[in-house]
Amino acid sequence: MTSNPWIDRRRFLYGGGLGAGAMALQLLRHAEAEGANATHHPATASSVIFLFMSGGPSQVDTFDPKPELDRLAGKDVPDSIAETIPKIKRAGLKNLMGSPWSFKPYGESGIPVSDLLPKTAEHVDDLCVIRSMQHNNPVHGPGECVALTGTSAGDRPSIGSWSLYGLGTANESLPAFIGMNLHTDGMQFPQGAGWGSGFLPSGFQGTVVDPAKGIRHVDMPEQTSKQQRRDQLELIRWFNQRHLDQSGGQSELRARLESYETAFQMQTSAPELFDIGKETQQTRDLYGLNHPDGKTVGRACLLARRMVQRGVRFVQVRVGGWDAHGNIKGNHSKMAARTDVPIAGLLADLKQRGLLQSTLVVWAGEFGRTPTMEGRGKGRDHSPAGYSIWMAGGGVQGGQIIGATDPLGYVATERPVSPHDFHATMLHALGIDANRLTYNHHGRDEVPTVFGGEAVREVFG
């Protein structure tokens with residue numbers, strides 16, 4: 001200690017290793033200690049962009065053509081198929097309905113895609129379509145939790161948080177897990193569990209941003225210099241660190257300390273990230289930014305590319321509105337207008353920049369929809385027993401189909417894939433074995449696939 005009892009605040013804060021740099025290093029070490037930060041095998045991807053289509057896109061109207069639906073339109077589900085359908089309230093067995101859209105083969109692979117999504121279909125040779133996803137929860141909120149956390153209760157870490165826990169961050173100036181929540185019309189209210197950290201330390205949760213506004217409250221206050229803000233944070237950090245040491249290392253408080261440092265870094269990094277003014281007109285057109293229907297999702301997809309370009313580990317773009325209990329043609333046409341061009345633009349942009357090979361892109365909803373008509377409104381009900389998703393980039397072998405459903409598209413009959421298998425597959429691309437990534441919670445070594453799950457290795461060829 002100094003012999004002078006009167007020292008100024010700056011010397012006090014910088015002395016004894018308590019300055020901003022030293023504390024930031026301490027926090028980084030804490031985060032590294034809490035995270036696994038290790039791969040189990042060579043990774044094929046360094047980042048993930050999860051395009052989550054909330055509400056339940058219909059598999060039989062997008063990626064799983066069923067000619068039998070046209071032949072049996074108006075009839076009931078045959079007994080041979082009905083007996084395989086889970087006995088859940090929404091599994092209607094009467095009045096089969098053909099698709100309002102036609103299918104045709106695309107690309108060298110010849111994978112059939114509905115003319116609902118013509119721009120995405122142009123990239124089919126980069127897509128691995130999984131037609132045999134299945135689980136047992138037909139309700140939006142719990143179903144979304146199943147799709148993003150593995151359980152309907154939503155009390156476990158999201159797949160984004162597990163990814164961050166397993167690998168850590170690649171850019172200390174930006175959140176490593178960013179979510180964007182778009183078009184929350186209908187009943188698909190966002191489930192916070194989808195970007196929550198569950199029982200993992202709070203520092204692994206996602207940061208939700210508005211793509212039109214960026215990260216909230218990140219702008220420097222007027223008449224406040226960068227040095228003044230740094231001085232303020234140094235003092236706040238010292239008091240918080242002292243309280244943390246006395247309280248026994250609570251993860252919520254540690255996450256709050258880390259958030260101050262990240263927020264300071266973001267005041268210079270985040271504005272640049274969200275400033276798309278320097279993007280060319282060609283890029284803007286590619287994402288459909290000038291299209292009134294697709295501009296919101298287009299901006300989010302463009303920002304997703306900019307995020308992975310800057311080292312953001314996990315980006316989640318949630319697009320609500322796919323629920324179609326009545327008039328599926330009108331609903332899905334609207335949703336396709338919002339998403340088809342932007343998502344195709346994202347795939348094209350990543351590929352031409354050489355980023356697709358290191359970025360795993362995933363398109364999925366919480367479940368699919370029934371082959372039967374719901375009521376008389378030409379809509380479809382919820383159906384989790386067999387639905388379609390796709391994956392691209394990040395080591396994925398495109399131009400292939402995995403799994404199959406029955407002739408009506410109701411139940412997975414070949415190579416069933418659970419959400420836990422799906423999550424294990426995503427982690428596998430990042431170099432993580434889901435069964436070896438553990439976190440001790442209440443004396444139990446928890447893994448991402450709580451009910452068991454294995455990576456679908458065929459995805460990678």
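Relevant structure appears above.
Residues numbered from 1 in each chain as written. Predicted model: local features only at pLDDT ≥ 70, side-chain atom pairs only at ≥ 80, totals over all residues. Heavy atoms only, no water.

Student: What is the right way to read the overall build of the protein from this model?
Tutor: Broken down by element type, the protein carries 13 helices and 16 strands. A separation of at least 24 residues holds for 78% of the contacts in the protein among residues at least 6 apart in sequence. A total of about 19500 Å² of accessible surface is found on the protein, and carbon and sulfur atoms cover 50% of it. (Helix = DSSP H or I, 4+ residues; strand = E, 2+ residues; numbered from the N terminus. Contact = heavy atoms within 4.5 Å. Areas by Shrake-Rupley, 256 points an atom, 1.4 Å probe, with all protein chains shown as cover.)

Student: Can you help me understand the sheet that holds strand β4 (residues 127–133) in this one?
Tutor: With mixed pairing, the eight strands of this open sheet are ordered in space as β6-β5-β7-β1-β8-β11-β4-β12. Two strands close off the open sheet at either side, each with one partner strand: β6 (207–209) and β12 (400–402). On average, each strand axis in the sheet is inclined to that of its neighbour by 20°, with strand direction left out of account. Taken together, the six bridges between strand β5 (residues 177–182) and strand β7 (residues 314–319) define a ladder with parallel strand orientation. From the neighbouring strand, N181 faces β7, where its bridge partner is R318. On the sheet, helix α11 (residues 295–309) packs against β1 (47–53), β5, β6, β7 and β8 (359–364) and is oriented at approximately 175° with respect to β5. (Pairing = 2+ DSSP bridges. Axes fitted to C-alpha atoms, helices over the stretch in contact; angles between N-to-C directions.)

Student: How should I be thinking about unusual backbone geometry in this particular structure?
Tutor: Most peptide bonds take the trans form, and the phi angle of most residues other than glycine is negative. Notably, N95 is not glycine yet its phi reads approximately 65°, a positive angle. Here N95 shows up in the loop between α4 (79–82) and β2 (103–106). Positive phi, close to 55°, is recorded for N327, a residue that is not glycine. Here N327 lies in the loop between β7 and α12 (328–352).

Student: Help me understand the pairing of strand β3 (residues 111–114), please; the structure alone is not making it clear to me.
Tutor: Successive side chains on a regular strand alternate, one facing one side of the sheet and the next facing the other. In β3, alternate side chains face the same way, and those of I111 and V113 on one face and P112 and S114 on the other are all buried. The sheet contact formed by β2 and β3 spans four bridges and is antiparallel. Looking at the pairing, Y106 lines up with I111 of β3. (Buried < 20%, exposed > 50% of the residue type's maximum accessible area, 1.4 Å probe, protein only.)

Student: Explain the packing of aromatic side chains here, please?
Tutor: Under the defined criterion, the tally for this structure stands at 11 aromatic pairs. Relative to F52, the ring of F50 has its centre 5.9 Å away and its plane inclined at 80°; by these criteria the two rings are edge-to-face. Like F50, the residue F52 is buried in the burial classification. Measuring from centroid to centroid gives 5.2 Å for F177 and F314, while their planes differ by 80°, and the two rings are edge-to-face. Placement of the pair is F177 in strand β5 and F314 in strand β7, with a sequence separation of 137 residues. Here the two residues F177 and F314 agree in accessibility, since each one is buried. (Phe/Tyr/Trp six-rings, centres within 6.5 Å; stacked < 30°, edge-to-face > 60°.)

Student: Help me understand the environment of H382 in this model?
Tutor: Inspection of the secondary structure puts H382 in strand β10 (residues 382–383). Put simply, H382 and G55 are 327 residues apart on the chain and 8.8 Å apart in space, counted from C-alpha to C-alpha. If we ignore the near neighbours within four places in the chain, the residues touching H382 are R90, P138, V139, H140, D323, H325, F367, G368, R369 and T370. Side chain to side chain, H382 and H140 meet in a polar contact 3.0 Å long. (Polar contact = N/O pair within 3.5 Å; in protein donor to acceptor, adjacent residues only side chain to side chain.)

Student: Which parts of the structure should I look at to understand the environment of N137?
Tutor: By secondary structure assignment, the location of N137 is in the loop between β4 and α6 (140–149). Under the relative-accessibility criterion, N137 is labelled buried at 16%. Not counting residues up to four positions away in its chain, the partners in contact with N137 are P142, G143, V146, S152, F367 and P384.

Student: I'm lost on α6 in this one. Help?
Tutor: Structurally, the α-helix is built with 3.6 residues per turn, so residues lying three or four positions apart point the same way. With nine of 10 residues buried, α6 lies mostly within the body of the structure. All of the buried residues in α6 are H140, G141, G143, E144, C145, V146, A147, L148 and T149. Looking at the buried side of α6, the elements it contacts are β1, α7 (159–167), β7, β10 and α13 (419–429). One or two steps after α6, the chain reaches G150, where phi turns positive at roughly 100°.

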